[in-house]
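Now for the letters of each chain:
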Amino acid sequence: MVTVHSKSIGIHLHMPMIADGIGVPMEKLRIVQNHAGGTFGYKFSPTNEAILGAAGCPRG
């Protein structure tokens with residue numbers, strides 16, 4: 001299981017993009033939305049999440 005924490009407001013839209021990008025099935029990916037309050041932290045595009053997920057994803 002790969003867990004990614006993100007401040008995005010579109011985590012359900014990002015899940016398939018990140019899963020495809022790091023080669024992990026969606027059932028093995030969990031994305032947790034971090035609360036930032038109000039519109040602070042507004043983010044709608046996955047940027048660093050896939051890179052961080054790939055770095056923390058065990059291979060082998």
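Residues numbered from 1 in each chain as written. Predicted model: local features only at pLDDT ≥ 70, side-chain atom pairs only at ≥ 80, totals over all residues. Heavy atoms only, no water.

Draft legend 1. Region of interest: the overall build of the chain. Helix and strand counts for the chain come out as two helices and two strands. Counting from the amino terminus, helix and strand elements in the chain follow one another as β-α-β-α. The buried share of the chain, reckoned over its 60 residues, is 30%. Roughly 4100 Å² of accessible area belongs to the chain as shown, and the carbon and sulfur atoms make up 60% of that amount. (Helix = DSSP H or I, 4+ residues; strand = E, 2+ residues; numbered from the N terminus. Buried < 20%, exposed > 50% of the residue type's maximum accessible area, 1.4 Å probe, protein only. Areas by Shrake-Rupley, 256 points an atom, 1.4 Å probe, with all protein chains shown as cover.)

Draft legend 2. Examining the nonpolar core more closely. Ranked by size, the top nonpolar core spans 10 residues in total: Val2, Val4, Ile11, Met15, Ile18, Ala19, Ile22, Val24, Leu29 and Ile31. Elements with a minimum of two residues in this core: strand 1 (2-6), helix 1 (11-22) and strand 2 (29-33). (Core = buried A, V, L, I, M, F, W, Y, C linked by side-chain atoms within 4.5 Å.)

Draft legend 3. Main features of helix 1. Taking 1.5 Å of rise per residue, the 12 residues of helix 1 would be expected to cover 16 Å, and the 16 Å separating its terminal C-alpha atoms lies within 8% of that figure. Those residues of helix 1 lying buried are Ile11, His14, Met15, Ile18, Ala19 and Ile22. Projected down its long axis, helix 1 carries its buried residues within an arc of 135 degrees, all on one side. Gly23, located one to two residues past helix 1, shows a positive phi value of around 70 degrees. (Expected span 1.5 Å × (residues − 1). Arc of directions from axis to C-beta.)

Draft legend 4. Structural detail: the confidence of the model for the chain. For the chain, per-residue confidence averages 75 on the pLDDT scale, and 58% of positions sit at 70 or higher. Mean pLDDT across the elements of the chain ranges from a minimum in helix 2 (residues 49-56), with 67, to a maximum in strand 2, with 87. (pLDDT = per-residue confidence, 0-100.)

Draft legend 5. Up close: the pairing of strand 2. Where strand 1 lies against strand 2, five bridges are found, and the strand directions are parallel. Across the sheet, the residue bridging to Ser6 is Gln33, located in strand 2. Remark: the strand 1/helix 1/strand 2 crossover connection has right-handed handedness. (Pairing = 2+ DSSP bridges. Right-handed = clockwise from strand over helix to strand, strands pointing away.)

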